[in-house]
Amino acid sequence: MSRPLLETVDLKTHYGGTRSLLSKPKPLVRAVDGVSLKIQPGEVLGLVGESGCGKSTIAKTLLGLERETEGAILLDGFDVGGRDPAEARKVRSDIQYVHQDPGAALDPWWRVGDTLHETLKIHGVSDRAERQARILEMLNAVGLNEGFLRRYPHELSGGQQRRIGLARTLSLRPRMVILDEPTSGLDLSVQATVLKLMLDLRATYDLTYLFISHDLSVVERLCDRVAIMYLGRIVEIGSADQVFSAPAHPYTRALLESAPTLTRQDSGQVIQGDPPSPTRRPEGCAFHPRCPMAQADCRQSVPQLAEVSDSQSVACPYAMPGQVRPAEAFAS
Ligand SMILES: Nc1ncnc2c1ncn2[C@@H]1O[C@H](COP(=O)(O)OP(=O)(O)OP(=O)(O)O)[C@@H](O)[C@H]1O
Ligand SMILES: [Mg+2]
């Protein structure tokens, strides 16, 4: 296997937990709490988990917008962690981000062309002709024409905003793109064209994607591998084929069972218990209060990821590798 493009080792990003004389203590939020990942060049890794489990915090930490509390970040084998945001963005400029809300990433008072030029200026491309050439190349790549440069964000449809967001990110010539819920809020047909465009762009520009999404059916279609996250940690990771056809962790199984399907548009079996809070992480396996298979030792020790097959690792000693997924899930 080639060297990973990006690797994290026991990455932790905690918020709050500090006391000061003038303000109330803020609770400690263990948003990311020990994540070790390897992302190979050219792959699409999906990152899935319930709201608040720490997906966007991982993205922000990799980009350098949040500083990690502990752990290592390696890019091409070089340690690029432990830096302030400005320095981190410089050394990690190979990693760029497509915003969860592309409208919010565009200034409502600026024409699209001005926003695209400004992005490149900020990243040191001072020659106007070079900026214009890159912008036109990327507009073309995302299926839009020069006329869009004169439009304001409110004159764009949701799908066009996504395309502009992609063009803006790709104009920075990243090697890896973090896509945070890139198709949320789009209707199904626009979603399908945007996803196809993302795959085409990946092939054209040799990109590696970290694809964050709630939508399991999209992740199944788009991703080579998938990581399932629960309360700041990865509980299962493996090839998308393996994880979706034979989910091994009880949480992955519950997540698949609770997903709506084409034949059943309502939610299926809802996961038992309260949604988790990273300020009150349960002792031992964080999933144990909701787990139908929990044993006494699950309350005491935190299970580590262990390989259950060539292409699947699971953090549960009672995992059931090789079981077929619940019959109702993903009938599509
Ligand atoms: N700046 C912050 N200060 C304090 N807590 C934060 C901060 N940013 C995020 N959190 C908390 O960290 C946890 C993880 O948040 P994060 O945004 O990473 O979740 P997520 O998995 O992306 O959720 P969603 O699917 O809803 O986007 C949440 O409990 C959130 O409230
Ligand atoms: Mg998020």
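Note that the coordinates shown come from a computational prediction; the quantities given were computed from them, not determined experimentally.

A few points about the overall build of the protein chain
Counting its regular elements, the protein chain contains 10 helices and 12 strands. Computed over C-alpha atoms, the radius of gyration of the protein chain comes to 21 Å, within 12% of the 20 Å expected from 2.2 N^0.38 for 332 residues, which places it in the range of a compact globule. Considered along the principal axes of its C-alpha atoms, the protein chain spans approximately 65 × 55 × 40 Å. Burial statistics for the protein chain: of 332 residues in total, 49% are counted as buried. Partitioning the contacts of the protein chain with sequence separation of at least 6, the portion at a separation of at least 24 is 65%. For the protein chain, the distance from the average position of its 38 positive side-chain charges to the average position of its 40 negative side-chain charges is 4 Å.

Concerning the site of ligand 1
By nearness alone, 14 residues border ligand 1, and S51, G52, K55, S56 and T57 come closest of all. S51 has a polar side-chain atom sitting 2.4 Å from an oxygen atom of ligand 1. A distance of 3.0 Å separates an oxygen atom of ligand 1 from a polar atom in the backbone of G54. For ligand 1, whose free accessible area comes to 640 Å², the fraction covered by protein is 65%. The set of elements that each furnish at least two residues to the shell around ligand 1 consists of strand 2 (29–39) and helix 1 (55–63).

Re the sheet that holds strand 12 (residues 312–314)
The strands that make up a sheet are held in pairs by hydrogen bonds between backbone atoms, and each pair lies either parallel or antiparallel. Ordered in space as 6-7-8-3-9-10-12-11, the 8 strands form an open sheet in which the pairing is mixed. Taken across any chain shown, the strands that pair with only one partner, and hence form the sheet edges, are strand 6 (95–98) and strand 11 (306–309). Within the sheet, the average angular offset between the axes of one strand and its neighbour, ignoring direction, is 25°. Contacts from helix 6 (residues 158–170) reach strand 6 and strand 7 (176–180) within the one sheet, and its direction differs from that of strand 6 by about 170°. Sitting on the sheet, helix 10 (residues 250–258) touches strand 3 (44–48), strand 9 (225–230) and strand 10 (233–239), and the angle it makes with strand 9 is about 100°.

Some points on the packing of aromatic side chains
Counted according to the given criterion, the structure contains 3 aromatic pairs. Here the aromatic rings of Y230 and F287 are separated by 5.1 Å at their centres, their planes lie at 80°, and the arrangement is edge-to-face. Residue Y230 is found in strand 9, and its partner F287 is found in the loop between helix 10 and strand 11; the two are separated by 57 residues along the sequence. Both residues of the pair, Y230 and F287, count as buried. Aromatic pair Y251 and F287: ring centres 5.3 Å apart, planes at 65°, arrangement edge-to-face. Highlighted residues: Y251 in helix 10 and F287 in the loop between helix 10 and strand 11, separated in sequence by 36 residues.

Regarding the sheet that holds strand 1 (residues 6–15)
Ordered in space as 2-1-4-5, the 4 strands form an open sheet in which the pairing is antiparallel. Each having just a single partner strand, strand 2 and strand 5 (78–79) make up the two edges of the open sheet. Here 5 bridges tie strand 1 to strand 4 (residues 70–75), and the two strands are oriented antiparallel to one another. Looking across to strand 4, one finds that V9 is bridged to A72. Taken strand by strand, helix 1 contacts strand 1, strand 2 and strand 4, and its axis lies near 115° from that of strand 1.

Observations concerning the confidence of the model for the protein chain
For any part of a model where pLDDT is low, the fine detail of the predicted coordinates should not be relied upon. Averaged over all residues, the pLDDT of the protein chain is 88; the fraction at 70 or higher stands at 91%. Here residues 262–267 is a poorly scored stretch, pLDDT under 50, and it has 9 contacts once near neighbours within four places are set aside; other chains count. For residues 327–332, every residue scores under 50 in pLDDT, and the model assigns this stretch 17 contacts once sequence neighbours within four places are set aside.

With respect to unusual backbone geometry
Negative phi characterises most residues that are not glycine, and trans characterises most peptide bonds. At E181, a position not held by glycine, the phi torsion is positive, near 45°. Of note, E181 is situated in the loop between strand 7 and helix 7 (188–205). Look at E181 and you get buried, because its relative accessible area is 7%. Although it is not a glycine, D206 adopts a positive phi angle of roughly 55°. Relative to the helices and strands, D206 resides in the loop between helix 7 and strand 8 (208–212). The class for D206 is exposed, based on a relative accessible area of 65%.

As for the environment of E220
Summarising the element assignment, E220 is placed in helix 8 (residues 216–222). By relative accessible area, which is 28% here, E220 ends up partly exposed.

Notes on helix 10
The buried count for helix 10 comes to 8 of 9 residues, which makes it a mostly enclosed element. Residues P250, Y251, T252, R253, A254, L255, L256 and S258 constitute the buried set of helix 10. Each element contacted by the buried residues of helix 10 is listed here: strand 3, helix 8, strand 9, strand 10 and helix 9 (240–245).

Some points on the side chain of H249
Tracing the backbone shows H249 in the loop between helix 9 and helix 10. At a separation of 2.9 Å, a polar atom in the side chain of H249 contacts the main-chain amide nitrogen of Y251. Beyond its immediate stretch of four places on either side in the chain, H249 contacts V235, E236, F287, V314, A315 and C316.

Rules behind the numbers
Residues numbered from 1 in each chain as written. Chains lettered and ligands numbered in written order. Predicted model: local features only at pLDDT ≥ 70, side-chain atom pairs only at ≥ 80, totals over all residues. Heavy atoms only, no water. Helix = DSSP H or I, 4+ residues; strand = E, 2+ residues; numbered from the N terminus. Rg over C-alpha atoms; globule rule 2.2 N^0.38 Å. Buried < 20%, exposed > 50% of the residue type's maximum accessible area, 1.4 Å probe, protein only. Contact = heavy atoms within 4.5 Å. Lys, Arg positive; Asp, Glu negative; His and termini not counted. Charge placed at Lys NZ, Arg CZ, Asp CG, Glu CD. Near = heavy atom within 4 Å. Polar contact = N/O pair within 3.5 Å; in protein donor to acceptor, adjacent residues only side chain to side chain. Areas by Shrake-Rupley, 256 points an atom, 1.4 Å probe, with all protein chains shown as cover. Pairing = 2+ DSSP bridges. Axes fitted to C-alpha atoms, helices over the stretch in contact; angles between N-to-C directions. Phe/Tyr/Trp six-rings, centres within 6.5 Å; stacked < 30°, edge-to-face > 60°. pLDDT = per-residue confidence, 0-100.

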